[in-house]
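# Remarks on the overall topology
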Amino acid sequence: MKESWSSFDTFEPSFRPLVVIELAKGTKEETREWLTKRIVDKKANGGAQLLVKPLVTENGDQNIYLVGASHFRLLLGAESVGLVKECNDNSMRTFTYSSRKTFKGFADDNHNFLTMAECQYIIKHELENLRAKDEKIIPGYPQAKLYPGKSIVRRLLTNGILVQIFPLHDREELKKLRHTWYGRVKIGYQPLDEIRCYFGETIALYFGFLEYFTFALIPMAVIGIPYYVFAWEDYDKYVMFAAFNLLWSTVILEVWKRFCAVMTYRWGTLLMKRQFEEPRPGFHGVLGINPVTGREEPVYSSIKRQIRIYLVSLPFVCLCLYFSLYVMMIYFDLEQWALDYHKENESNFSSLMLFVPSIIYAVVIEIMNRIYRYAAEFLTSWENHRLESSYQNHLILKVLVFNFLNCFASLFYIAFVLFDMKLLRQSLATLLITSQILNQFAEAFLPYWLQKRHKKRMKKKMYSQKTDTGLSLVEQVNLEKGMGTYFGTFDDYLELFLQFGYVSLFSCVYPLAAVFAVLNNVTEIYSDALKMCRVYKRPFAEPTASIGVWQLAFETMSVISVVTNCILIGMSPQVNALFPDSKMDLILTVALVEHMLLAMKFVMAFVIPDKPRDIQIKLARLEFESLEALKQQMLFGHCILLVLKTLTNRICLWLHYHDADCASTQLVCQSSL
């Protein structure tokens with residue numbers, strides 16, 4: 001029998017703090033009382049049924065609260081969010097409290113059955129789903145309006161009452177992870193399972209993809225070095241390199257799907273059901289009933305959303321794309337000026353000036369990408385998407401379109417309008433190397449330097465060998481709340497996507513692109529690990545079964561690379577020599593080869609299964625067992641109905657036999673028949 005939220009008392013004698021809630025200083029007492037009451041209230045009353053404890057600082061402020069949950073509450077929460085755990089028979093199944101004894105490692109006194117990251121994810125899920133019921137305003141703040149279905153956490157954040165919510169680090173586990181992850185320089189695989197247990201599946205999957213992509217770049221780098229050394233100016237010999245690139249870009253993406261399926265099955269997220277996602281915290285609307293789940297949730301007109309997308313967001317994106325092309329033309333004017341200056345002076349300084357326009361343009365591209373990112377986030381949030389997945393898809397689409405045009409439009413223009421292979425090679429190398437340096441500085445070195453300054457101001461050494469176990473809870477919270485916030489893997493995947501474009505689109509022009517990509521990614525692994533463990537607050541875990549829409553983005557880039565490389569091969573002198581009389585024959589031949597390669601690419605994608613055979617069998621077995629269990633349940637219910645009907649008929653016959661002639665008896669007998 002499924003346990004209800006109020007079946008047992010959720011009081012936990014030994015409170016374990018998992019999540020920190022920081023309110024603004026000077027928050028009114030009635031607001032704090034109302035919020036804590038909503039958090040600890042029963043689910044039936046619209047609460048989260050969690051445990052809350054104020055953290056009293058040295059100056060007596062009570063604007064920080066620690067949130068935890070009882071072991072029983074966390075188990076019910078694990079069932080509610082659909083966590084998948086390993087059973088005693090080594091299969092992966094969705095956790096249910098009623099069948100908890102069948103899961104590996106479960107015991108009533110084992111509070112480590114759920115990882116700390118899973119517990120924090122459950123608490124975050126419950127806090128985000130705290131929604132207003134009858135409240136019109138936030139107590140103590142008449143200007144902070146509420147309506148039924150509005151996310152309480154979202155309203156508190158937008159009104160500045162709630163500063164932040166973040167999960168606490170486990171100092172002992174973090175120290176072990178740091179040692180095995182980046183504590184010593186070694187050649188080997190990352191501890192992805194340990195990363196998953198501490199940071200969750202989304203971050204572990206990113207580091208898994210980063211590692212896989214780095215290893216996949218090594219063949220391209222190894223082949224590219226001799227091309228650079230022995231055939232730098234001989235474009236005719238790049239035909240074979242481009243052909244290898246076409247095969248490489250398809251195979252690595254298909255093989256990654258298989259690696260991803262193996263990892264996510266082992267972690268349980270491949271089986272998680274996401275079709276009935278909860279509304280995202282930022283979603284707002286009138287409180288209504290979901291026709292699928294029957295639950296109360298906000299309802300917003302899809303027509304209004306479409307109007308916002310097509311009449312506001314789309315024109316704004318087109319305007320930004322036009323501005324990006326305008327900046328690109330200014331860059332070409334600078335290139336022409338630098339070239340004229342070099343022709344007039346012919347000096348070492350003038351030779352260096354040839355690279356200045358590309359460097360300036362690379363810096364401008366990074367600045368424009370970051371400014372546009374903020375605008376895209378605002379627009380996508382304003383569009384009011386119901387699901388987090390829908391929000392992410394629309395945001396990624398906006399950002400990818402702009403970034404692709406902003407980063408690669410100049411390269412396409414140089415290659416297919418100016419037909420200047422030397423300038424294309426120079427621009428590609430400058431853009432790639434400059435963007436990698438800027439990203440390393442902005443994402444790793446600058447945050448780490450700022451965090452070091454923060455430590456000095458606090459007069460503490462964060463997570464050092466001497467003080468890791470000596471920090472009190474108050475000191476730990478005060479230090480962590482001042483650390484930077486990690487906003488997810490979006491920027492990290494975007495950096496890899498653009499890098500993949502630089503390597504695959506024009507690889508035959510600059511074979512060393514893969515070499516610089518490998519070197520960058522090796523340092524990226526260590527710098528990203530450093531910032532996750534020492535620079536940023538611990539992020540909430542997010543279950544995921546794949547890299548999501550980024551897989552489609554990489555596959556789209558690989559298709560575009562087929563077209564660009566075929567055109568570049570067709571432009572080579574070696575191929576042009578085969579068609580001295582007719583350029584139309586050359587164009588038709590290149591188009592035919594391009595279509596054949598695309599066909600081969602799609603055939604390979606179809607032939608290579610997304611999941612290994614053993615994973616397919618395990619998933620099919622689980623589906624079969626689920627259907628069998630449903631049949632048994634339906635059969636059991638049918639048998640119960642037959643027994644009740646037979647029993648009712650016998651009671652009616654017995655009553656008739658004893659001349660029972662009351663109206664109620666006749667009614668029962670008629671209804672049974």
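Residues numbered from 1 in each chain as written. Predicted model: local features only at pLDDT ≥ 70, side-chain atom pairs only at ≥ 80, totals over all residues. Heavy atoms only, no water.

## Re a nonpolar patch on the surface
On the surface, Ile303, Ile307, Tyr310, Leu311, Val312, Leu314, Phe378 and Trp382 cluster together into a nonpolar patch covering about 840 Å² of accessible area. Among the secondary structure elements, those contributing two or more residues to the nonpolar patch are helix 9 (302-345) and helix 11 (356-382). With six residues, the single largest contributor to the nonpolar patch is helix 9. (Patch = residues over 30% accessible without salt bridge, like charges linked within 9 Å, V, L, I, M, F, W, Y side chains within 5 Å. Areas by Shrake-Rupley, 256 points an atom, 1.4 Å probe, with all protein chains shown as cover. Salt bridge = Lys/Arg side-chain N within 4 Å of Asp/Glu carboxyl O. Helix = DSSP H or I, 4+ residues; strand = E, 2+ residues; numbered from the N terminus.)

## Points about the side chain of asparagine 406
By the element assignment, asparagine 406 lies in helix 12 (residues 388-418). Its relative accessible area of 0% is what places asparagine 406 among the buried residues. A distance of 2.9 Å separates the side chain of asparagine 406 from the side chain of asparagine 369, its partner in a polar contact. When neighbours within four sequence positions are excluded, asparagine 406 is seen to be in contact with Ser324, Tyr361, Ile365, Met368 and Asn369. (Buried < 20%, exposed > 50% of the residue type's maximum accessible area, 1.4 Å probe, protein only. Polar contact = N/O pair within 3.5 Å; in protein donor to acceptor, adjacent residues only side chain to side chain. Contact = heavy atoms within 4.5 Å.)

## As for the packing of helix 15 (residues 490-505) against helix 16 (residues 513-535)
Interaxial distance between helix 15 and helix 16 falls to 10 Å at its minimum, and their mutual angle equals 170°. With respect to helix 16, the axis of helix 15 lies roughly antiparallel. Only Ala513, Ala514, Ala517, Asn520, Asn521, Glu524, Asp528 and Lys531 of helix 16 make contact with helix 15, whose side of the interface consists of Asp492, Glu495, Leu496, Gln499, Tyr502 and Val503. Class assignment of the residues belonging to the contact of helix 15 with helix 16 gives a composition of six nonpolar, three polar and five charged. (Axes fitted to C-alpha atoms, helices over the stretch in contact; angles between N-to-C directions. Parallel < 35°, antiparallel > 145°, perpendicular 65-115°, else oblique. Nonpolar A, V, L, I, M, F, W, Y, C, P; charged D, E, K, R; others polar.)

## Details of the sheet that holds strand 2 (residues 51-54)
Taken together, the four strands give an open sheet; going across it, the order is 2-3-1-8, and neighbouring strands pair in antiparallel fashion. The open sheet has two free edges, formed respectively by strand 2 and strand 8 (162-167), since each of these has just one partner strand. Averaged over all pairs of adjacent strands, the angle between strand axes in this sheet comes to 20°, irrespective of strand direction. Of the strand pairs in this sheet, strand 2 and strand 3 (residues 64-68) are connected by four bridges, and their pairing is antiparallel. (Pairing = 2+ DSSP bridges.)

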